[in-house]
Structure formats: C-alpha cells, structure tokens
Amino acid sequence: MKSPLSNHLNITPQHERALSHLGIKTVRDLLYHFPIRYKSFEDQKAIADLSEGEEATIQGRVISAKAEKTWKRKMNIARTVVSDGTASIRIVWFNQPYMANILSGGAMHTFSGKVQRDKKGLFMANPRFESKTPFTKEKEVIIEKGDQLVPFYPETKGISSRWIAFTLQKIFKAIEKNNIALVDPLPDDMRARYKLPDILQSLSAIHSPKKHTHIETARKRFAFEEIFFIQLLRQRERLERKSHPSFMLGSPEKTLPNFLSALPFSLTGAQTKAIDIIFKNLTDETPMARLLEGDVGSGKTVVAASAINAVLEEGLQAAFMAPTEVVARQHYQELQTLFKNKRIYIGLITSSECRKFPSKVSYEPDTHISKSQLLKWVASGEINILVGTHALIQKNVTFKNLALAVIDEQHRFGIRQRAMLVGRRKSAQQMLPHLLSMTATPIPRTLALTIYGDLDLTLLDEMPPGRKQIKTTIVEPDKRNDAYEFMRKEIQNGRQAFVVCPRIAEEARTDNPMFLDMKSVKAEYKKLSKDIFPELSIGMLHGQMNPKEKEKAMNAFRQGKTQVLVATSVIEVGVNVPNATIMMIEGAERFGLAQLHQLRGRVLRGTHQPYCFIFTDSASQKTQERLQALVNAKNGFELAEYDLQFRGAGELTGIKQWGISDVGMMALQNLKMVEAARTEARNLLTEDFELKKYPLLKEKADTLGDSHIHFE
Ligand code: ADP
Ligand code: MG
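This brings us to the pattern of salt bridges. A complete count under the given rule lists 25 salt bridges for this structure. The shortest N-O distance in the salt bridge between Arg191 and Asp184 comes to 3.0 Å. Overall, the relative accessible area of 13% leaves Asp184 in the buried class. Arg238 is the partner of Asp456 in a salt bridge, and the nearest nitrogen-oxygen pair spans 3.1 Å. Placement of Asp456 in strand E17 (residues 456-460) and of Arg238 in helix H8 (residues 212-242) is noted, with a sequence separation of 218 residues between them. The class for Asp456 is partly exposed, based on a relative accessible area of 23%. Residue classification places Arg238 among the buried residues on the basis of a relative accessible area of 16%. One network of salt bridges, in which partners are shared, links Glu325, Arg329, Glu353, Arg355, Asp366 and Glu551.

This is the structure we're talking about:
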C-alpha cells in the first residue's frame, strides 16, 4: 500500500505529475482520496425547475455554441445554450474557448454545476460535463457497472474524476483477486467500541457505494480515524514537551501588584483568572503549554505582559512573536509603555529591521541597530524581551535563558514554527520555555479540542467594562449613500473609518465570474478620494505594499493624518487605532463569519460608539442568513458555533489551514466523537508512549507528523 502507484499500474508521466499535485503518490494515498460527492441519475433536474444558487445536474442538447473574446477584459469565453425540452439555459466557459467546438453538434450531454444569475437570467459557468455517448473507455466502466451512485473526485488539471474512479476499480479488483489483506490502522478493539466498519469495508463503501447509508457509515469511520490521528500526534507532542524541565518561578504572584499599579485600569475577572492559572503553570517544573482564547479587545496583551513581568523579575528572558510586522511593532511599542518604569531592554526583530529600546545614544526612545548587534545582546541576556515576526525563529537567534515564549495570533503560525520557538531541544534535560499562545479566532470547541489538543485552553470571555456594543448593519445597495453620509458626519466629528475590500486590484482572476464585480482596494480608493470624499484624506493598505509603505500608511492613520483607510483584510489582525469607529466591509460574502467578526473588532477599541456597515452583492438567502447571524451574535465564539451547526463544518473559514479534510471536518459537529478520539489517544499513549504494540499507528503517526498537519 505504501509503494508508488506506478509499481502497480501503467501511469503516464502526465498522470503522475497531476496525481502528485493532489498529494497522491502511493496506492494508499489514492485509496484515501475520497469522493467529494456522489451522483445518482435521479438527481437530474429539468432546466425549467432550476433556481439560483443550487448545485444541479441537467441533461440536454447543445443548441448553439460560439467562442468570443469579451471586449472589457479580453477574456476568451465560449458561450453555449443548452435545452432539455422544458427550457434552455446558458452555459459559459471562461478561458476555455475550445469548448465551443467540443460542444457543437447537437449532442446530448450532462452538466453539473452551480446555477447562477446575472442580468440576462440563469446560467452555469464552467460546469463539469459528460457526454452521453461515452468517448473514452474509462467512462464505460463507470456507467456500465450499473452502480446507483457515481463518485465524483476532487480533480486537478490533467486528471479527471473518471480516471480516478476507473483506477480505483482496478485496485479493488486486484485486492480481491490476490486476496490482499489490508491492515487496519485502527486497532480492532477500538473499532468495536464505536461500531466502526473495518478498513476494506469502509474503503469500498466510500468509493463504490450501493447506498447512501453505507457512505455515511464509512465517512464516520474515516472522520473518527482522522481526528484520532490528529489527537495522537498532539497528545504525543504534549507528553514529549512535558517530559522536559522548565523554569520554575518562585512566587510570580508577588510580582503582580506592582505591575498592576502602573496600569490605568483594573483587570477584568476573566483576566485575573487567566493570570492566576498561568502563574500556577509558571511554578510547575514542566513547561506550560497554554492557549489563551479571547475575542478581539478582550485584553490578552496585558495577561501576557503580567507573565512576562514575572519572568523578568527573576532575571529571565521572554520572547513575543506576532504574525505581521505591523502587529510586532505595535507590541514592541505597547511593551515599552507597560514596562516604562522597569530598567529593561526590549528588542525588535523583523525581516526588514532590528530595533532596541531604550536607546542609549539618541534622544529618540528607541533606536535602529544592526541585526548582529541585537542577536549578540539577546544571546548574552542583555535584551530582556525580544519581540518579532517569523524572524524570531531563525536559527541564529539564541537566548541566554528564554523562560517564556508568547505567540500572538497563534493560528497564523504552523505547529512547526511554534515548535521552533519553544522546542529547540538538544537533550532530555534541556530546559524548555513556558509557552503562552494567544488567539482571537473564535473557533468551535470541537475544533479547538482537536487542533489544539496539545494545549490547555483558557477562555477570556469577558470584555473590559465600558466597551460600547458595536452596531452592525447590513446596508441595502440603494442605501449606500446614506452610509457614506453617516461616515462623513462621524469623520467631521473627529472619528476615522476603515473600508475593507476583498481584493487588491481589478485584474487578477477572470476564470471565475464571481470575481468580475468584486470590489478592490485600488478602485475603491480612487472612487472614495475622487467622487465620494474629495475633502478627506484617504489612505491605502494592502499586501502588495512593502513594509516601509505599510508602516507609513499605518502611521498616517494612527496619527489621524488620513481619515479613511481603504484596505484588504491585512488589517484583520491586531491593528489598534482607538479613534477609528467605522468599519465598512465590501463584498462581505467573500469573507468568513469569523473573519468578519475579527474585522469589526478593529473598531471596538475606543470610547466612542462603533459601527460596522456590511455590503454584499449576493442576494442569496444563505449569505443573508449568515450576515444576519453576524448582526445578532453576542461574541465570536457564539458565532463560530453557529457557523458549525447551521452551515456545517465545511463552511468554516479557512478550513484548509487546519489541515483537516472534509471528511474529518464532519467529526467536528459531533462533540462526543471528538472527545472519544481524544480519550482513546490519551489512553493509548499512556499505556504505550512509543507505540511499540502498534507499529502501524506509529508509522502512520510518524508520516502524518512529518507532512500532513501543517497550518497556513
Ligand atoms: P486583544 O485581546 O485583542 O489583544 P488588547 O490586549 O490589545 O486586546 O486590549 C485591547 C485594549 O483594551 C487595549 O487598549 C488595552 O489597554 C485595553 N484593556 C485591556 N484590559 C483592560 C481592562 N481590564 N480594562 C480596561 N481596558 C483594558
Ligand atoms: Mg492582540
């Protein structure tokens, strides 16, 4: 099963390349490449019955087909019209002009795709299609088998779903013919406890099902398997880390009153509780591994700073890693303020510069220094806190005695990057720093338990007092000007506003019609500064700008020199401008709920009433419902559960970054299953940490650990 596919099958180099794009190299990889959907021929719909937004399969005759170039975007497009006797529908093919030739001739075809609407009515764009008269041999295999359900696989260029199905049939035949026993990665007794079918049953049910119920049972098995393996890896990391010693602080709680007395506010109950439990961890002999989850604005930084303070009091060092330069710099400045009464040195390292606070030579509070100088001082222990981006985890960064590593927005880093910061272990006796990870990304509990299985979770579920509730409005297209006028008034009163667009520039992808009228930062910037707010000063921030330009744009906005900042979601994370009270989001259907929630959190920082205006070009009910949830939800975690329960795991934002497959995501709707997988993984490792009794588990866990699970 581990051997390359080409050892067993005749595979052309083209297919091999295409397969490797899908991450498929071995027989096992292919067996674990699951269909994304199944089609039975009853699923077919009459064209007259189609409605906007649905995924549908139709069968009909092509009644016209022509290729042309759109004048606006110089895009090649094939336009066809297909009729099935009940009605006709337009089917367009972007960037595939040759489809006009392939589809001419009046033959019957089936088309599967999403039904969309534009000014001229319903249409499908680049649907999957099949000819009724089979034109390849592979095709015949599937149809003639007489299965009720035809599997459809995720495709890539150069490899069709049909080819995959055909190849899998061959593999199953060979398994049967040669009586090959597949070894089940899940131990028998474990499967028995949860009544999960064995590996061969499950594989054949998922690839060539006779009934929908068989698919469900098989998917459940693979969902459990996947979550179990992730748990196994996380629990293993956890136990491994906990086997190292760490820095045992004496009595960190004694350092707190002094630190707090310098703050202009008192802590919330949730902050106090979080600090309590963190301090307990800091007195442990094993390294802390804690994740602090809290909505944007819940005050995570101060919690982290309290812990840093306790570490500094013992003459030890701390590191603070953030995902972007903008956020790193902001933390660098914040820490300067928080520790201004302490005689300590803070360093900043990013890929573009290094700085040190306080400066000894100039009148500026901090100064630019060379990287080699900074690293020398970090290694000698002279720098007490080092703040930075990914630059912080380069090999040449070494600390004298790093006792605490803080990671902000930890979901933006991979597990490996996290490990590089806290786990450069040379020997079992080596001291590892305590780890405090922080995130504002509201994710459902099941997902947190899974992907953060190696961390203890603490929730900051209380906002600092006096925060205004944000007023969120979905703005109807004809009310756009009212929103602009409202914004103008707020700005005249001294406030500032963000305008967020889903992309940077107009051009880019044209193969998807959804992108054609998506708002862009550059176009909105132009429109706002010329037509809407000619009297205001408008800035722009996006990922194509270099760090200097970004910093300049951010500073101008921070200092109130620009009143409106038009940006992509780069401002999503951590940018703190208390005077900004308006968040305007264009093309909101392009963002996930969690992301929208984070975006509006950007204007929750001040004492003035904040507003969020949401625009969408999509009239689909699904979008409206989702956005309504955003209007109603009390906090991000509530929103995340909503996303999971009502929209399904597959709808969770940024799903790919968690490294969990669609099938695995299914498990996340089932807290019992996730808890069972976690318990099983824990028990197994407690009993047999090396997995000596489970060589297959060990092998699979080792390979998974190497490749599959990486974030971003
Ligand atoms: P986040 O959790 O999003 O990182 P921050 O730590 O940046 O939030 O805190 C947001 C703002 O709230 C900061 O300006 C911070 O000084 C302030 N803040 C934090 N804790 C409190 C508190 N207990 N009372 C009042 N303001 C607070
Ligand atoms: Mg923060």
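Don't stop here, the text continues.
Judged by side-chain charge, Lys66, Lys72, Lys119 and Lys120 come together as a positively charged surface patch. Relative to the helices and strands, Lys66 is located in strand E2 (residues 55-69). Given the relative accessible area of 49%, Lys66 is considered partly exposed.

In this structure the tally under the stated criterion is 13 aromatic pairs. What links up through ring pairs into an aromatic cluster is the set Tyr194, Phe224, Phe228 and Phe229. Note that Arg37 overlies the ring of Phe152, its terminal NZ or CZ placed 5.0 Å from the centroid.

This brings us to the environment of Asn384. Examined against the element boundaries, Asn384 turns out to sit in the loop between helix H13 (371-380) and strand E14 (385-388). C-alpha of Asn384 to C-alpha of Ala318: the two residues are 66 residues apart in sequence and 6.4 Å apart in space. Discounting chain neighbours no more than four positions away, the residues touching Asn384 are Leu312, Leu316, Gln317, Ala318, Ile344 and Tyr345. Engagement of the side chain of Asn384 in a polar contact is seen with the backbone nitrogen of Tyr345, the distance being 2.7 Å.

This next bit is on the domain arrangement of the chain. Segmenting the chain into domains produces domain 1 (1-36 + 153-180), domain 2 (45-139), domain 3 (183-243 + 665-712), domain 4 (246-460) and domain 5 (471-633). Centre-to-centre, using C-alpha coordinates, domain 1 lies 45 Å away from domain 5.

Turning to the site of ligand 1, a few remarks are in order. For ligand 1, the set of nearby residues contains 15 residues, the closest of which are Gln271, Gly297, Lys300, Thr301 and Arg467. Here Ser298 contributes a backbone N or O atom positioned 3.5 Å from an oxygen atom of ligand 1. A distance of 2.8 Å separates an oxygen atom of ligand 1 from a polar atom in the side chain of Lys300. Taken by itself ligand 1 offers 560 Å² of open surface, and the protein chains cover 82% of this. Of the residues contributing to the shell around ligand 1, the split by class is four nonpolar, seven polar and four charged.

Looking down a regular strand, the side chains alternate between one sheet face and the other. For strand E15 (residues 402-407), the buried fraction is high: six of the six residues fall into the buried class. Both strand E10 (residues 317-321) and E15 contribute to a ladder of five bridges, which runs parallel. Paired with Gln317 across the strands is Leu402, a residue of E15.

Rules used throughout
- Residues numbered from 1 in each chain as written.
- Chains lettered and ligands numbered in written order.
- Predicted model: local features only at pLDDT ≥ 70, side-chain atom pairs only at ≥ 80, totals over all residues.
- Heavy atoms only, no water.
- Salt bridge = Lys/Arg side-chain N within 4 Å of Asp/Glu carboxyl O.
- Buried < 20%, exposed > 50% of the residue type's maximum accessible area, 1.4 Å probe, protein only.
- Helix = DSSP H or I, 4+ residues; strand = E, 2+ residues; numbered from the N terminus.
- Patch = residues over 30% accessible without salt bridge, like charges linked within 9 Å, V, L, I, M, F, W, Y side chains within 5 Å.
- Areas by Shrake-Rupley, 256 points an atom, 1.4 Å probe, with all protein chains shown as cover.
- Lys, Arg positive; Asp, Glu negative; His and termini not counted.
- Charge placed at Lys NZ, Arg CZ, Asp CG, Glu CD.
- Phe/Tyr/Trp six-rings, centres within 6.5 Å; stacked < 30°, edge-to-face > 60°.
- Lys NZ or Arg CZ within 6 Å of the ring centre and 35° of its normal.
- Contact = heavy atoms within 4.5 Å.
- Polar contact = N/O pair within 3.5 Å; in protein donor to acceptor, adjacent residues only side chain to side chain.
- Domains from an automatic or database assignment.
- Near = heavy atom within 4 Å.
- Nonpolar A, V, L, I, M, F, W, Y, C, P; charged D, E, K, R; others polar.
- Pairing = 2+ DSSP bridges.

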